[in-house]
Amino acid sequence: MRIDELDLKLIYILMDNSRLSISELAERLGVSRPTVKSRLEKLEREEIIQGYTIKLNPKLLRAHNVVALIVKTNEPDKMREFEEIIEINRFTSRKYLIKIAVESMEELRKVIEGAGFEVIEIMPILETVERKSPPKVKVPFKCDYCGKEIVGEPIVYKYRNRVYFFCCPTCFREFKKTRENIEKFKLKEEKEGSTHEGHSH
Ligand SMILES: [Zn+2]
């Protein structure tokens, strides 16, 4: 999979909000709409982006009790028949770590018996913390302040519909300071300009 800096920036922005329009994406990245369009088409065609999804309120998912089990089974295909089984991780050809979401212990027993599991260990899951994992790809990615290559997680900053990426908190702070000064200067210029011309916009 070959992706470059622009692809990766696009991915970061979409991971935060996948409903942005082509125009909004182009604005945030400071590139043209056709560029965004062709990049998106490429990322979809090469199945780097495999879909756009929604984020559901965790309360809706917490309606069930989730239990993790280490099981042995001779018929792993049978697991597919049970929609209560929400996650399947294989250790060996017979041994699995699975998660089952059920309303009651009775329901859990039915799934275990129905799937023909030999239960090795059973653990209730008390809390699930959703973690947003950034793409695990190495792309030389430049800091928008110092121009150095970003190692690890970039700091993503939205400013006036543009998105900037920084290597460290210092660059981010300095960038903001510089921007604020430019803003102040512009405001001052506009004010002075309008008094000279004798009218304002
Ligand atoms: Zn930097």
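What counts, and at which threshold
- Residues numbered from 1 in each chain as written.
- Predicted model: local features only at pLDDT ≥ 70, side-chain atom pairs only at ≥ 80, totals over all residues.
- Axes fitted to C-alpha atoms, helices over the stretch in contact; angles between N-to-C directions.
- Helix = DSSP H or I, 4+ residues; strand = E, 2+ residues; numbered from the N terminus.
- Parallel < 35°, antiparallel > 145°, perpendicular 65-115°, else oblique.
- Left-handed = near helix turned anticlockwise from the far one by under 90°.
- Contact = placed C-beta atoms within 7 Å.
- Nonpolar A, V, L, I, M, F, W, Y, C, P; charged D, E, K, R; others polar.
- Buried ≥ 20, exposed ≤ 12 C-beta atoms within 10 Å, placed from the backbone.
- Domains from an automatic or database assignment.
- Pairing = 2+ DSSP bridges.

### Details of the packing of helix α1 (residues 5–16) against helix α2 (residues 22–29)
Packing of α1 against α2 brings their axes to within 11 Å, and their N-to-C directions diverge by 120 degrees. With respect to their mutual orientation, α1 and α2 come out oblique. For the pair α1 and α2, the crossing hand works out as right-handed. Between α1 and α2, the contacting residues are Leu 6, Lys 9, Leu 10 and Ile 13 on the first element and Leu 25, Arg 28 and Leu 29 on the second. Along the lines of polarity and charge, the residues of the contact of α1 with α2 split into five nonpolar, no polar and two charged.

### Focus on the environment of Leu 40
Tracing the backbone shows Leu 40 in helix α3 (residues 33–45). Taking the C-beta count within 10 Å as the criterion, Leu 40 has 16 such neighbours and is therefore assigned partly exposed. When the C-alpha atoms of Leu 40 and Ile 22 are compared, they prove to be 9.1 Å apart, with 18 residues separating the residues in sequence.

### Focus: the domain arrangement of the chain
When the domains of the chain are assigned, the result is domain 1 (1–55), domain 2 (58–124) and domain 3 (140–185). Taken residue by residue, the interface counts nine residues in domain 1 and eight residues in domain 3. Here the side of domain 1 that touches domain 3 takes five residues from α1, the largest share from any one element.

### A few points about unusual backbone geometry
Comment: phi is negative for the bulk of residues other than glycine, and the bulk of peptide bonds are trans. Unusually for a residue other than glycine, Glu 47 sits at a positive phi of about 55 degrees. Within the fold, Glu 47 resides in the loop between α3 and α4 (58–61). Notably, Arg 160 is not glycine yet its phi reads approximately 45 degrees, a positive angle. The topology assignment puts Arg 160 in the loop between β5 (155–159) and β6 (162–166). With 8 C-beta atoms packed within 10 Å, Arg 160 lands in the exposed category.

### Side note on the packing of α2 against α3
Where α2 meets α3, the closest approach of the two axes is 8 Å, and the angle between their N-to-C directions is 110 degrees. The orientation of α2 relative to α3 falls into the category roughly perpendicular. Taken together, the residues of α3 that come into contact with α2 (itself represented by Ile 22, Ser 23, Leu 25, Ala 26 and Leu 29) are Arg 33, Val 36 and Lys 37. Residue composition of the contact of α2 with α3, grouped by class: five nonpolar, one polar and two charged.

### Thoughts on the pairing of strand β2 (residues 85–90)
Pairing of β2 with strand β3 (residues 95–102), which is carried by five bridges, proceeds in the antiparallel orientation. Across the sheet, residue Glu 87 finds its bridge partner in β3, namely Lys 99. Between β2 and β3, which pair antiparallel and follow one another directly, the connecting turn spans four residues.

### Things to note about the sheet that holds strand β1 (residues 65–72)
One open sheet accounts for four strands, arranged β2-β3-β1-β4; its pairing is antiparallel. Edge positions in the open sheet fall to β2 and β4 (118–124), since each of these has one partner strand only. The sheet shows a mean angle of 20 degrees between the axes of neighbouring strands, taken without regard to direction. Note: β1 against β4, six bridges, orientation antiparallel. What sits directly across from Lys 72, in β4, is Glu 118. The sheet contacts of helix α5 (residues 105–115) involve β1, β2, β3 and β4, and relative to β3 the element is tilted by about 145 degrees.

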